[in-house]
There are 2 protein chains.
Amino acid sequence: MSLTASSAEEAASSAKTASFHLATLSVQDRNAALETIHNALLEAKDDILAANAKDLELARKAAADGSLSNALVSRLDLGRKGKFDDMLKGIMDVRDLEDPIGKVQMRSKLADDLMMERVTCPIGVLLIIFEARPEVIANIASLAIKSGNSAILKGGKESTESFVAISKVISAALDKTAVPNGAIQLVTARDVIAQLLSQDRHIDLVIPRGGNELVRYIKESTKIPVLGHADGICHGYLTASADKDKAIGAIVDSKTSYPAACNALETLLVQDTALPTVLPGVAAALVEKGVTLRCDPASKAALSSIPAESIQDATPEDYDTEHLALVLTVKTVPSVDEAISHINAHGSHHTDVIYTSDSALAERFMNEVDSAGVYWNASSRLADGMRYGFGTEVGISTNKIHSRGPVGLEGLTIYKYKIRGDYQPTTGYGTGEGQKPWKHEQLPL
Amino acid sequence: MSLTASSAEEAASSAKTASFHLATLSVQDRNAALETIHNALLEAKDDILAANAKDLELARKAAADGSLSNALVSRLDLGRKGKFDDMLKGIMDVRDLEDPIGKVQMRSKLADDLMMERVTCPIGVLLIIFEARPEVIANIASLAIKSGNSAILKGGKESTESFVAISKVISAALDKTAVPNGAIQLVTARDVIAQLLSQDRHIDLVIPRGGNELVRYIKESTKIPVLGHADGICHGYLTASADKDKAIGAIVDSKTSYPAACNALETLLVQDTALPTVLPGVAAALVEKGVTLRCDPASKAALSSIPAESIQDATPEDYDTEHLALVLTVKTVPSVDEAISHINAHGSHHTDVIYTSDSALAERFMNEVDSAGVYWNASSRLADGMRYGFGTEVGISTNKIHSRGPVGLEGLTIYKYKIRGDYQPTTGYGTGEGQKPWKHEQLPL
């Protein structure tokens, strides 16, 4: 791991060179490297926490004068109970995941003695730009090594001391493994993002892990493909046939179990006939948990039993807003058509849910809503790589190509076609005179 | 099909709206639409050829004064023997392909009464920018409808009369089908590409089908993901153990069967020990077919038997050049390591081939060369959707994400996650106290 890359070009070019070697390593070699990193970090715990304490001290000062939020300070703290151990456990969890590389996805006989295979392989070089949480660097390095990709890491400046300490340990550890040192590059120089984004010759995919503004800036600033979501404006559509009591549990979970998450509920669409029947119980339970409801006139009228201080009038902007707080937009719709149109127009194609006992209606909703996750009677907060059973999560993609929804290790792979032949000229095959037909016979994997 | 979209925004927005409906159609409805289009084009053959004749007349004038190539004029001509029928047959071929939509790729039980499925679905709206060949519009409209995607088409100006005639027929035909009219939009306004490229809210994927300059311009000008190759600098690596006679057939096919294709051979790397043994026969056969060899000093010295007028000195630029003509760069390398490094540094990650009898060497080459196609003893010209058995080809991608190599219908799809539950809050699951563990049980497809 280079801490001294003198330029973005040097970091990108050496990551590329390393990626060619990394791509050829066996899963045993890649897993052994993860163990070595795990053990080295465990051994260096005191040094890393000491470095982290310096970041924390600066951050606390910044928080005291108001230039940094207390929430950020808390996220910086690697010394919090269980956090360092969780970071270490995460590395071993990635080691234990199935190898995503070398999987044969397709095998066919094009002609006699002419066999084709489609085999998964690493993408190449990832550029990962992430927020301040210092443990992310170990997580991302693990995912990159496991999937055979080089990674260039650029983290938030508030964690610089922690990053440098962790990456020194990882770098020294890699020297004892088959993984080339250049495969994981930490870039600490300031203002280097624009230069990294211009390295489209060497970098194959950018993964921003941060807020909307960062993701939008990156998409506007590079030719390199970007894997990242910009927003999570998740909707629920509550119909009159929903189970009154159970719906409370799912909706309260969606809105309140982690309001700052991208998979939290932001807008509740309510079928007009559900206003007097299902909505009041749901609304009371949400308000009980501290949620403020931003209502349209019809839903507001139906909620006269709710204390006035918990109800506000919805503005048009609310329909396009990711509140990321205990605020929920409520809108009345006359039909599933209006619900679907509203979601496709105002949503962020992340995760949207219908609550109903009508299975035909639910299937229609799931087919017509254009989102990565379309759920029937479930919590939007299921949208998560761990909860989907992927064992890890690179991020949640609202892209329409490559990877959509929670992205596991599979999202860090692509494939290549291998053909093994006997020197046949292609002109010998086809439907013309004297040509042999192609066989195109699918073979078992 | 709108011929009158007053703006790029209007075309993109109505294509998006249509895409939501198109995505819900059964394969029967989509196939029926293809048949209707086929029959309408057949019936309108005379009118279309009359329109095509106008394009041809202008093109022939332009060719006469040198502002257009004769090759382009020939590609414009829909009246050439078999061309119109091929266009019609292409539509029915697409109809007969397996439905790429609604395939369940993954099915798992997250918990009791909480089932997850990953199902293929259309991407949404495609923007396809293509060259002058008029039959492409029917081909692309078919692929889009079959895969449930809306398409905005912007073709080369030389075919305008033909495009308008064909699209009038398609538009009238669509009105008799379940496919919404807005799903296929022809944009005829000039200089509209930049505006279309700014419609990232509505357009999900850009597919440029044209030369390198077009592809590069598009990648630099949009936030929308781009599926396209920029170059096809394909390599062969000829080792001393290659079959002398058979290698001639594969290499001559790779270079000469269609030199203007992106899968044609551009550089032949030769193992030094193969210079006196295998190379002379291969070189003589290539020269016999009219190929000029651009040689490094060592290969030139080994080819003293070849007429001097067929040998030129290679320049450094040749190693990075897609000749697209009967010209082949020849370079001597001492080992497979140098061959692989050269290809990864100078190639375009399209298709590269090793000629050898050593299977371990071949496997190493295929693993380490970072290209969409890596072949052993085969012709680079196999890199083609029809030859791979995909039935059609959207293009050949040198992207590292989503789709790589020849792209069939599958490349026009993505997936969504459907979850069907019983209103369970996520807080009830996990490893904490009182929580139930996730099941994450893979179920058969």
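Just so it is clear, the structure is predicted and the values come from calculations on it, not from any experiment.

Draft legend 1. Looking closely at the overall build of chain A. Regarding its fold elements, chain A presents 14 helices and 17 strands. Nonlocal contacts in chain A, meaning residues at least 24 apart in sequence, comprise 71% of its contacts between residues at least 6 apart. Total accessible area on chain A stands at roughly 17,100 Å², and carbon and sulfur atoms take up 50% of it. The average position of the 45 basic charges and that of the 57 acidic charges among the side chains of chain A differ by 4 Å.

Draft legend 2. Structural context of the pairing of strand β6 (residues 205–209) of chain A. Residue and element names in this part refer to chain A. The buried count for β6 comes to 5 of 5 residues, which makes it a mostly enclosed element. On β6, burial covers both faces: Leu205, Ile207 and Arg209 on one face and Val206 and Pro208 on the other are all buried. Bridging between strand β3 (residues 125–130) and β6 involves 5 bridges; their strand directions are parallel. Residue Ile128 lies in a different strand from β6, and its bridge partner there is Ile207.

Draft legend 3. Here's a closer look at the pattern of salt bridges. Across all of its chains, the model carries 58 salt bridges over all chains by this definition. A salt bridge links Arg95(A) to Asp96(A); its shortest N-O distance comes to 3.0 Å. A residue is classified by how much of its surface remains accessible, and Arg95(A), at 23% relative accessible area, is partly exposed. By relative accessible area, which is 53% here, Asp96(A) ends up exposed. Between Asp231(B) and Arg216(B) there is a salt bridge; the shortest N-O distance is 3.1 Å. A residue pair is termed long-range when its members are at least 10 positions apart, and Asp231(B) in the loop between α9 (212–220) and β7 (234–238) and Arg216(B) in helix α9 qualify at 15 residues. Classification of Asp231(B) as buried rests on a relative accessible area of 16%. Given a relative accessible area of 41%, Arg216(B) falls into the partly exposed group. Within this structure, Lys16(A), Asp204(A), Asp370(B), Lys400(B) and Arg404(B) form a network of salt bridges that share partners.

Draft legend 4. Highlighting the pairing of strand β3 (residues 125–130) of chain B. Residue and element names in this part refer to chain B. Burial within β3 is extensive, with 6 of its 6 residues counted as buried. Of the two faces of β3, both are covered, the one formed by Val125, Leu127 and Ile129 as well as the one formed by Leu126, Ile128 and Phe130. As paired strands, β3 and strand β4 (residues 150–154) are joined by 5 bridges and run parallel to one another. The residue of β4 that forms the bridge with Val125 is Ser150. Taking the sense of rotation as the criterion, the β-α-β connection linking β3, helix α6 (residues 136–146) and β4 turns out right-handed.

Draft legend 5. Here's a closer look at the packing of aromatic side chains. One pass over the structure, following the stated rule, counts 16 aromatic pairs over all chains. Ring centres of Tyr237(A) and Phe365(A) lie 6.5 Å apart, and the angle between their planes is 20°; on these two criteria the pair is classed as stacked. Of this pair, Tyr237(A) sits in strand β7 (residues 234–238) while Phe365(A) sits in helix α14 (residues 359–368); the two residues are 128 residues apart in sequence, bridging distant segments of the chain. The same class applies to Tyr237(A) as to Phe365(A), namely buried. Summarising the aromatic geometry, the rings of Tyr388(B) and Phe390(B) are spaced 5.7 Å apart at their centres and angled 90° between planes, so their arrangement reads as edge-to-face. Like Phe390(B), Tyr388(B) is buried. An aromatic cluster of at least three residues, connected via ring pairs, comprises Tyr388(A), Phe390(A), Tyr415(B) and Tyr417(B). Directly above the aromatic system of Tyr415(B) lies the positively charged group of Arg118(B), at a separation of 3.9 Å from the ring centroid. Over the ring of Tyr319(B) we find Lys331(B); its NZ or CZ atom is 5.2 Å from the centre of that ring.

Draft legend 6. Examining helix α5 (residues 83–96) of chain B more closely. All names here are of chain B. An ideal rise of 1.5 Å per residue puts 20 Å on 14 residues; α5 measures up with 20 Å between its terminal C-alpha atoms. Every buried residue of α5 is accounted for by Lys83, Phe84, Met87, Leu88, Ile91, Met92 and Val94. For α5, the elements touching its buried residues are α2 (27–43), α3 (45–64), α4 (70–76), α6 and α7 (160–174).

Draft legend 7. A look at the interface of chain A and chain B. Across the boundary between the two partners, chain A contributes 73 residues, which contact 73 residues of chain B. Taken together, the two surfaces of chain A and chain B that pack against each other cover about 6,500 Å², and 57% of this comes from carbon and sulfur. When the area that chain A buries against chain B is broken down by residue, the three leading residues are Ile401(A), Tyr417(A) and Tyr423(A), summing to 13%. The tally of links from chain A across to chain B stands at 10 salt bridges. Between Glu220(B) and Lys223(A) there is a salt bridge, with its nearest N and O atoms 3.2 Å apart.

Parameters at a glance
- Residues take numbers from 1 onward in each chain, read along the sequence in its written order.
- Both sets of labels track the order of writing: A upward for chains, 1 upward for ligands.
- Only residues with pLDDT of 70 or above have their local features reported here, since the model is predicted, and side-chain atom pairs are shown and tallied only from 80 upward, although totals for entire chains, interfaces and linings are computed over all residues.
- Only heavy atoms go into the side-chain values, all of them from the structure, while hydrogens and water stay out.
- Numbering of helices and strands starts at the N terminus; helices are DSSP runs of H or I of at least 4 residues and strands are runs of E of at least 2.
- Two residues qualify as a contact provided that any one of their heavy atoms is within 4.5 Å of a heavy atom in the partner residue.
- Per-residue accessibility takes into account occlusion by the displayed protein chains alone, with areas from the Shrake-Rupley method and a 1.4 Å probe.
- Neither His nor the chain ends contribute to the count of charged residues, in which Lys and Arg are positive and Asp and Glu negative.
- By convention, the charge on Lys lies at NZ, on Arg at CZ, on Asp at CG and on Glu at CD.
- Exposure is judged per residue with a 1.4 Å probe applied to protein chains only, and the accessible area is read against the type maximum: over 50% gives exposed, under 20% gives buried, and values in between give partly exposed.
- In short, DSSP must find at least two bridges between two strands for them to pair.
- By convention in these notes, a salt bridge is any Lys or Arg side-chain nitrogen within 4 Å of a carboxyl oxygen on Asp or Glu.
- With the strands aimed away from the viewer, a crossover counts as right-handed if its path from the first strand over the helix to the second runs clockwise.
- In this analysis, rings of Phe, Tyr and Trp, with Trp reduced to its six-membered ring, are considered paired at centre separations within 6.5 Å, and the interplanar angle assigns stacked below 30 degrees, edge-to-face beyond 60, and tilted for intermediate values.
- For a lysine, the NZ atom is tested; for an arginine, the CZ atom; a charge sits over a ring if that atom is within 6 Å of the ring centre and within 35 degrees of the ring normal.
- Helix span, expected: 1.5 Å multiplied by one less than the number of residues in the helix.
- A simple way to read buried area is as the amount of 1.4 Å-probe accessible surface that goes missing from two parts once joined, with both sides added.

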